[in-house]
Amino acid sequence: MRHFLTLSDHTPEELNWLIQRAIELKQMHKRGEIYEPLRNRVLGMIFEKSSTRTRVSFEAGMAQLGGHAIFLSPRDTQLGRGEPVEDSARVLSRMVDVVMIRTFEHETVERFAAYSQVPVINALTDDFHPCQLLADIQTYVEHRGSIQGKTVAWVGDGNNMCQSYINAAQQFDFKLNIATPEGFEPSQFLLDEAADRVTLMRDPKEAVRGADLVATDVWASMGQEDEKEQRLRKFRDYQVSRELLDLANKDVLFMHCLPAHRGEEVSEDLLDDPRSVVWDEAENRLHAQKALLEFLLCQED
Ligand code: CP
Ligand code: NVA
């Protein structure tokens, strides 16, 4: 039984296979082919934070693969009333075939996985967002081919997305320039581990020079609402705009996991720039996670 808590839970070969499979499943879906390997299988979806893309892509993905998904919010489950994660994991995993969790502390998904009898997928924690990286890499591959050996620039907060980009740099073998303001760096442990391919910088212009892909995310993540005003000031010089992208390689792509705040981390017009592939990126959550669900549930069939 395998979990997907970070990109490091899978080998580079497995991850590249998942990307190719996602591309294939997308083509099958566009052709209208019915493919239902997960008939009678059930996904439990625990959301302790809001979501549009993640919920809809997992729920639609399970339906398309012939299975079902159950949405579980802390507001109306016993998890929200203090039932221990370990007990919830033991009970839920006797009823469903796979569990997806979006929560705050990364340790929560690790504890859940330790007590679960079925695969557990991290659908975002404060530290990592690995499902989004599957979609991002798929999107890059579809538009430009392999990402191996390319240069990616991360501009903005050293948050869960940034940290998953560090994992991705190691697993998919690309160079990553990270530009964050002082005090908003990703974990030093992750930076040290990936020191051969990840460089921390202050200047966004320096980070995007020579970049094949530029990515950013909101300045205040879910759970950081109280810091919003302070963050707006600290990140002022970190907005990704058309002018910043002009400093990158000619065929650069721009990605944002969304939701985006126009006028903050991205200029008003950036999502509509021809270099932006954010809508394909959002769509690919569906295809990449279908590949992941198939991988986790069908490998022994
Ligand atoms: N990108 C992403 O995970 O979006 P949601 O928060 O809408 O799920
Ligand atoms: N960093 C953002 C990503 C949302 C998909 C957050 O955690 O809120």
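Residues numbered from 1 in each chain as written. Chains lettered and ligands numbered in written order. Predicted model: local features only at pLDDT ≥ 70, side-chain atom pairs only at ≥ 80, totals over all residues. Heavy atoms only, no water.

**Description of the pairing of strand S3 (residues 98–102)**
The side chains of a regular strand alternate, residue by residue, between the two faces of the sheet.
Then, number 1: S3 sits mainly inside the fold: 5 of its 5 residues count as buried.
Then, number 2: Residue alternation in S3 divides its side chains into two sets, Val-98, Met-100 and Arg-102 and Val-99 and Ile-101, and both sets are buried.
Then, number 3: Direction of pairing for strand S1 (residues 42–47) relative to S3: parallel, over a ladder of 5 bridges. When the bridges of S3 are listed, Met-45 appears paired with Met-100.
Then, number 4: For S3 and strand S4 (residues 120–122), the ladder comprises 3 bridges, and the chain directions are parallel. The residue bridging Ile-101 from the neighbouring strand is Asn-122, located in S4. (Buried < 20%, exposed > 50% of the residue type's maximum accessible area, 1.4 Å probe, protein only. Helix = DSSP H or I, 4+ residues; strand = E, 2+ residues; numbered from the N terminus. Pairing = 2+ DSSP bridges.)

**Here we look at the sheet that holds strand S5 (residues 151–155)**
Then, number 1: Pairing is parallel in the open sheet, where 5 strands are placed in the order S7-S6-S5-S8-S9. The open sheet has two edge strands with one neighbour each: strand S7 (198–201) and strand S9 (253–256). Direction aside, neighbouring strands of the sheet carry axes that sit 20 degrees apart on average.
Then, number 2: With 4 bridges connecting them, strand S6 (residues 175–179) and S7 associate as parallel partners. Within S7, the position partnered with Leu-176 by the bridge is Val-198.
Then, number 3: Each of strand S8 (213–216) and S9 touches helix H5 (residues 130–144); the most contacted strand, S9, lies at about 160 degrees to it.
Then, number 4: Running at roughly 160 degrees to S6, helix H6 (residues 160–172) makes contact with S5, S6, S7, S8 and S9 of the sheet. (Axes fitted to C-alpha atoms, helices over the stretch in contact; angles between N-to-C directions. Contact = heavy atoms within 4.5 Å.)

**Here's the deal with the site of ligand 2**
Then, number 1: Neighbouring ligand 2 are Leu-124, Asn-159, Asn-160, Asp-217, Val-218, Ser-221, Met-222, Cys-257 and Leu-258.
Then, number 2: The contact in question runs from a nitrogen atom of ligand 2 to an N or O atom on the side chain of Asp-217, over 2.6 Å.
Then, number 3: Side-chain polar atom of Ser-221 to a nitrogen atom of ligand 2: 2.7 Å apart, as the coordinates give it.
Then, number 4: Coverage of ligand 2 by the protein amounts to 94% of the 270 Å² it exposes when considered alone.
Then, number 5: Here the shell around ligand 2 is built from residues that sort into 5 nonpolar, 3 polar and 1 charged. (Near = heavy atom within 4 Å. Polar contact = N/O pair within 3.5 Å; in protein donor to acceptor, adjacent residues only side chain to side chain. Areas by Shrake-Rupley, 256 points an atom, 1.4 Å probe, with all protein chains shown as cover. Nonpolar A, V, L, I, M, F, W, Y, C, P; charged D, E, K, R; others polar.)

**Examining the packing of H5 against helix H11 (residues 278–298)**
Then, number 1: Contact geometry for H5 and H11: axes closest at 8 Å, N-to-C directions at 110 degrees. Regarding the angle of H5 to H11, the classification is roughly perpendicular. Read as a crossing pair, H5 and H11 show a hand that is right-handed. Between H5 and H11, the residues in contact are Cys-131, Gln-132, Leu-134, Ala-135, Asp-136, Gln-138, Thr-139, Glu-142 and His-143 and Asp-280, Glu-281, Asn-284, Arg-285, His-287, Ala-288, Gln-289 and Leu-292, respectively.
Then, number 2: Partitioned by chemical class, the residues of the contact of H5 with H11 number 5 nonpolar, 7 polar and 5 charged. (Parallel < 35°, antiparallel > 145°, perpendicular 65-115°, else oblique. Left-handed = near helix turned anticlockwise from the far one by under 90°.)

**Quick notes on the site of ligand 1**
Then, number 1: Lining the immediate environment of ligand 1, one finds Ser-51, Thr-52, Arg-53, Thr-54, Arg-102, His-129, Gln-132, Cys-257, Leu-258 and Arg-285.
Then, number 2: In this structure, an oxygen atom belonging to ligand 1 sits 2.7 Å away from a side-chain N or O atom of Thr-54.
Then, number 3: Between ligand 1 and Gln-132 there is a distance of 3.0 Å, counted from a nitrogen atom to a side-chain nitrogen or oxygen.
Then, number 4: Notes on ligand 1: free accessible area 260 Å², of which the protein chains cover 95%.
Then, number 5: Residue composition of the shell around ligand 1, by class: 2 nonpolar, 5 polar and 3 charged.

**Some words on the state of the cysteines**
Then, number 1: Under the criterion given, the structure shown has 0 disulfides.
Then, number 2: Here Cys-162 is not disulfide-linked; the sulfur of Cys-257 is the nearest cysteine sulfur, at 12 Å.
Then, number 3: Taking the relative accessible area as the measure of exposure, Cys-162 reaches 0% and is therefore buried.
Then, number 4: Residue classification places Cys-257 among the buried positions, given a relative accessible area of 7%. (Disulfide = S-S within 2.5 Å.)

**Observations concerning the sheet that holds S3**
Then, number 1: On the basis of which strands lie adjacent, the open sheet formed by 4 strands has the order S2-S1-S3-S4 and parallel pairing. Every other strand in the sheet has two partners, leaving strand S2 (68–72) and S4 as the edge strands with one partner each. Shown here is a sheet whose adjacent strand axes are inclined to one another by a mean of 20 degrees, direction ignored.
Then, number 2: Relative to S4, helix H4 (residues 106–115) is tilted by about 170 degrees, and along the sheet it contacts S1, S3 and S4.
Then, number 3: Running at roughly 155 degrees to S4, H11 makes contact with S1, S3 and S4 of the sheet.

**Brief notes about the packing of aromatic side chains**
Then, number 1: Enumeration according to the criterion identifies 6 aromatic pairs in this entry.
Then, number 2: With centroids separated by 5.6 Å and ring planes inclined at 40 degrees, the aromatic side chains of Trp-154 and Tyr-165 adopt a geometry described as tilted. Here Trp-154, found in strand S5, pairs with Tyr-165, found in helix H6; they are 11 residues apart in sequence, far enough to count as distant. Just as Trp-154 is buried, Tyr-165 falls in that class too.
Then, number 3: Taking 6.4 Å as the distance between ring centres and 75 degrees as the angle between the ring planes, the aromatic pair formed by Phe-235 and Tyr-238 counts as edge-to-face.
Then, number 4: With a relative accessible area of 7%, Tyr-238 lands in the buried category. (Phe/Tyr/Trp six-rings, centres within 6.5 Å; stacked < 30°, edge-to-face > 60°.)

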